[in-house]
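Each chain, written out:
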Amino acid sequence: MLLITLLAAAGPAYACASPERPFLPTSREDMRTYADLIRGDFEAYFADVQDYFRCLDEERARAFVEAREVSEEYARFLDALE
């Protein structure tokens, strides 16, 4: 149990946080009144969601490398048992 805890603590911590969805008022009047703020929120969302997708792509690539390394380690383990 201690080994698992140590390995988990020593491993990289990757967290891709999805952006918060922008609020869109239901009233057309509110949309017009707050158009600049709403536009800014949507533009920020689109920039943030692109960063989120990049983060997911990087994490996916990292996880594939790690899985390959773990697979190779497991193969060495199995060979050692023979």
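Source: prediction; values computed, not measured. (Residues numbered from 1 in each chain as written. Predicted model: local features only at pLDDT ≥ 70, side-chain atom pairs only at ≥ 80, totals over all residues. Heavy atoms only, no water.)

**A word on the pattern of salt bridges**
- According to the stated counting rule, one finds five salt bridges in the structure shown.
- Across the pair Asp36 and Arg39 runs a salt bridge, and its minimum N-O distance is 3.2 Å. Placement of both Asp36 and Arg39 in helix 3 (residues 35–81) is noted, with a separation of three residues, approximately one turn of the helix.
- Of the residues examined, Asp36 reaches a relative accessible area of 63% and is grouped as exposed.
- Close ionic contact of Glu59 with Arg62 constitutes a salt bridge, the shortest N to O distance being 2.8 Å. Linking Glu59 with Arg62, this pair stays in helix 3, spanning three residues, or about one helical turn.
- Put simply, Glu59, Arg62 and Glu66 are held in one network by salt bridges that share partners. (Salt bridge = Lys/Arg side-chain N within 4 Å of Asp/Glu carboxyl O. Helix = DSSP H or I, 4+ residues; strand = E, 2+ residues; numbered from the N terminus. Buried < 20%, exposed > 50% of the residue type's maximum accessible area, 1.4 Å probe, protein only.)

**With respect to the state of the cysteines**
- Counted according to the given criterion, the structure contains one disulfide.
- Between the sulfur atoms of Cys16 and its disulfide mate Cys55 the distance is 2.0 Å. Every disulfide takes its handedness from the sign of the S-S torsion; for Cys16 and Cys55 that torsion is -85°, giving left-handed. Placement of the pair is Cys16 in the loop between helix 1 (2–10) and helix 2 (28–33) and Cys55 in helix 3, with a sequence separation of 39 residues. (Disulfide = S-S within 2.5 Å.)

**As for the environment of Ala35**
- Mapped onto the secondary structure, Ala35 falls in helix 3.
- Along the primary structure Ala35 and Leu24 are separated by eleven residues, whereas in three dimensions their C-alpha atoms are 9.9 Å apart.

**Examining the packing of aromatic side chains**
- All told, the structure shown has four aromatic pairs when counted by the stated rule.
- Centroid distance Tyr45 to Phe46: 5.8 Å. Interplanar angle 70°. Geometry classified as edge-to-face.
- Judged by its relative accessible area of 23%, Tyr45 falls in the partly exposed class.
- Aromatic side chains Tyr74 and Phe77 sit 6.0 Å apart centroid to centroid with 25° between the ring planes, which places their arrangement in the stacked category. Of the two residues, Tyr74 and Phe77 are both situated in helix 3; the distance of three residues between them amounts to about one turn of the helix. (Phe/Tyr/Trp six-rings, centres within 6.5 Å; stacked < 30°, edge-to-face > 60°.)

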